Amino acid sequence: MTYLFSYAGRTILRRFVDRATLFAFDLDGTLAPIVADPDRIQVPQGVQERLIRLNLLAPVVIITGRALADARKHLGFTPCYLVGNHGAEGLPGREQQEEEFCRQCSEWLEQLKILMPHASGCGIFIENKGATLSLHYRNASDPNAVSRKLVQAISRLKPPPRRIPGKYVENIVPYGAPHKGEALSQLMLQTGCSKALFVGDDATDEDVFSLANDRILGVRVGCEGSSLADCCLFNQREILDVLDEIIQLTLKTKDLV
Ligand SMILES: O=P(O)(O)OC[C@H]1O[C@H](O[C@H]2O[C@H](CO)[C@@H](O)[C@H](O)[C@H]2O)[C@H](O)[C@@H](O)[C@@H]1O
């Protein structure tokens, strides 16, 4: 991964952004800093203001692991498209499939109650997001041990889900549900944008980074560890600079500066 604000990274960004570029962002860990309680995230006001400005210049889409209603509550602006549940909720034309995903998750929830009757006592919080489930263990006294227990319980679910580990969370996703990569590809068609810049920080964002499409520029928050993203940021606070930079580049492509 090339650091986005290195000379090479800035060159990649400058050459990439044009008037056909869609701007897509993940929410937790990207637009908002990670906090211990999922309900208490905050998109900083400066980030909200820049997103509103960018959305007037080019299509801005948010593709989050959160449920749509929850994401709306925290975003503070209305993007061109908002897709939830890692791609499984809110994609135009996929409404009927969503009902099936919700039914499947309710079944898994019942199975989990039997497989882990003392989940909350071990510091596990089950977030039922409708089309997917997130099993959080950030606040467990021994997160590693709890994580192993979770993986074991998930392996016993019927039918088996797609399991995506995240930041102190195990995400449970129905097989066949559209992922973030599919969501972004569909929204590019939907908006008529031939290019997309996507910023994300977590394992489910790798579904975009791994698309291997040179019309999609993947930027990961975090330069450490392995990722298939093209570029990276050292930390989440740099999202402000990213937004400033792409607003300037977009204005230039429209000859407005
Ligand atoms: O795809 P995203 O928008 O990044 O959403 C991913 C998950 O984010 C939330 O959980 C994560 O952030 C919490 C708040 O900072 C943190 O407490 C938790 O440990 C993280 O895993 C959200 O609760 C999930 O529903 C999303 O799937």
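Predicted model, so just to flag it, every value in this text is computed and none were measured. (Residues numbered from 1 in each chain as written. Predicted model: local features only at pLDDT ≥ 70, side-chain atom pairs only at ≥ 80, totals over all residues. Heavy atoms only, no water.)

## A closer look at the side chain of E238
And then number 1: With respect to the helices and strands, the residue E238 is situated in the loop between β11 (231–233) and α8 (239–253).
And then number 2: Lacking a salt bridge, the buried E238 has R237 as its closest oppositely charged neighbour, with an N-O distance of 7.8 Å.
And then number 3: Once you skip the residues sitting within four places of it in the chain, E238 turns out to touch Y3, F5 and L233. (Helix = DSSP H or I, 4+ residues; strand = E, 2+ residues; numbered from the N terminus. Buried < 20%, exposed > 50% of the residue type's maximum accessible area, 1.4 Å probe, protein only. Lys, Arg positive; Asp, Glu negative; His and termini not counted. Salt bridge = Lys/Arg side-chain N within 4 Å of Asp/Glu carboxyl O. Contact = heavy atoms within 4.5 Å.)

## With respect to the packing of aromatic side chains
And then number 1: Counting across every chain of the model gives four aromatic pairs.
And then number 2: When the ring of Y3 is compared with that of F234, the centres are 4.0 Å apart and the planes differ by 20°; the resulting orientation is stacked. Note that Y3 is positioned in strand β1 (residues 2–3) and F234 in the loop between β11 and α8, a separation of 231 residues in sequence.
And then number 3: Overall, F234 belongs to the exposed group, its relative accessible area being 52%.
And then number 4: Connected via pairs of aromatic rings, a cluster forms that spans Y3, F5 and F234.
And then number 5: Directly above the ring of F16 sits K195, whose terminal nitrogen or CZ lies 4.7 Å from the centroid. (Phe/Tyr/Trp six-rings, centres within 6.5 Å; stacked < 30°, edge-to-face > 60°. Lys NZ or Arg CZ within 6 Å of the ring centre and 35° of its normal.)

## Here's the deal with the state of the cysteines
And then number 1: For the structure on display, the rule yields one disulfide.
And then number 2: In this model C223 forms its disulfide with C232; the gap between the sulfur atoms is 2.1 Å. An S-S torsion of about 100° defines the bridge between C223 and C232 as right-handed.
And then number 3: Residue C232 is classed as buried on the basis of its relative accessible area of 2%.
And then number 4: Residue C193 stays outside any disulfide, its sulfur separated by 7.8 Å from that of C80, the closest cysteine. (Disulfide = S-S within 2.5 Å.)

## Regarding the domain arrangement of the protein chain
And then number 1: The domains assigned to the protein chain are domain 1 (2–91 + 178–255) and domain 2 (95–173).
And then number 2: Put simply, the middle of domain 1 and the middle of domain 2, counted by C-alpha atoms, are 26 Å apart.
And then number 3: Between domain 1 and domain 2, the residue contacts involve 21 residues of the former and 19 residues of the latter.
And then number 4: Here domain 1 and domain 2 share an interface that buries about 1400 Å² over both sides, 51% of which is from carbon and sulfur atoms.
And then number 5: Contact with domain 2 buries surface across domain 1, with N85, H86 and A88 losing the most and accounting together for 27% of the total.
And then number 6: Summed over the shared surface of domain 1 and domain 2, the number is two salt bridges.
And then number 7: For the salt bridge of R162 with D207, the shortest nitrogen-to-oxygen distance reads 2.9 Å. (Domains from an automatic or database assignment. Buried area = accessible area lost by both parts, 1.4 Å probe.)

## Focus: the sheet that holds strand β3 (residues 60–63)
The pairing of strands in a sheet happens through backbone hydrogen bonds and is either parallel or antiparallel.
And then number 1: Spatially, β1-β11-β10-β9-β2-β3-β4 is the arrangement adopted by the seven strands of the open sheet, whose pairing is parallel. Edge positions in the open sheet fall to β1 and β4 (81–83), since each of these has one partner strand only.
And then number 2: As paired strands, β1 and β11 are joined by two bridges and run parallel to one another. From the neighbouring strand, T2 faces β11, where its bridge partner is C231. (Pairing = 2+ DSSP bridges.)

## Details of the pattern of salt bridges
And then number 1: Applying the stated rule across the entire model yields 15 salt bridges.
And then number 2: Measuring nitrogen to oxygen at the nearest pair gives 2.8 Å for the salt bridge that ties E170 to R163.
And then number 3: The salt bridge involving D205 is made with K180; its shortest N-O contact spans 2.7 Å. With D205 in the loop between β9 (195–200) and α7 (206–209) and K180 in helix α6 (residues 180–191), the pair connects residues that are 25 residues apart, well separated along the chain.
And then number 4: The class of K180 is buried, set by a relative accessible area of 1%.
And then number 5: Put simply, D28, D39, R66, D70 and K73 are held in one network by salt bridges that share partners.

## Here we look at the environment of P79
And then number 1: Tracing the backbone through its elements, the reader meets P79 in the loop between α3 (68–75) and β4.
And then number 2: Between the alpha carbons of P79 and E206 there is a distance of 22 Å; along the sequence they are 127 residues apart.

## Here we look at the site of the ligand
And then number 1: Taken together, 22 residues lie around the ligand, and D26, V35, T64, R138 and K180 are the ones closest in.
And then number 2: Within the backbone of L27, a nitrogen or oxygen atom sits 3.1 Å from an oxygen atom of the ligand.
And then number 3: For the ligand, an oxygen atom lies 2.7 Å from a polar atom in the side chain of K180.
And then number 4: Protein contact buries 99% of the 570 Å² of open area that the ligand shows by itself.
And then number 5: Among the detected pockets, the ligand sits in the largest pocket.
And then number 6: Of all the secondary structure elements, the ones that give two or more residues to the shell around the ligand are β6 (133–136) and β8 (169–173).
And then number 7: Here the residues of the shell around the ligand are counted per class, giving seven nonpolar, six polar and nine charged.
And then number 8: Residues from two domains meet in the shell around the ligand; each of domain 1 (2–91 + 178–255) and domain 2 (95–173) gives at least three. (Near = heavy atom within 4 Å. Polar contact = N/O pair within 3.5 Å; in protein donor to acceptor, adjacent residues only side chain to side chain. Areas by Shrake-Rupley, 256 points an atom, 1.4 Å probe, with all protein chains shown as cover. 1 Å grid on protein atoms, 1.4 Å probe; cavity = no way out; pocket = protein on both sides within 12 Å on 5 of 7 lines; lining within 4 Å. Sits in = over half its atoms within 2 Å of the grid points. Nonpolar A, V, L, I, M, F, W, Y, C, P; charged D, E, K, R; others polar.)

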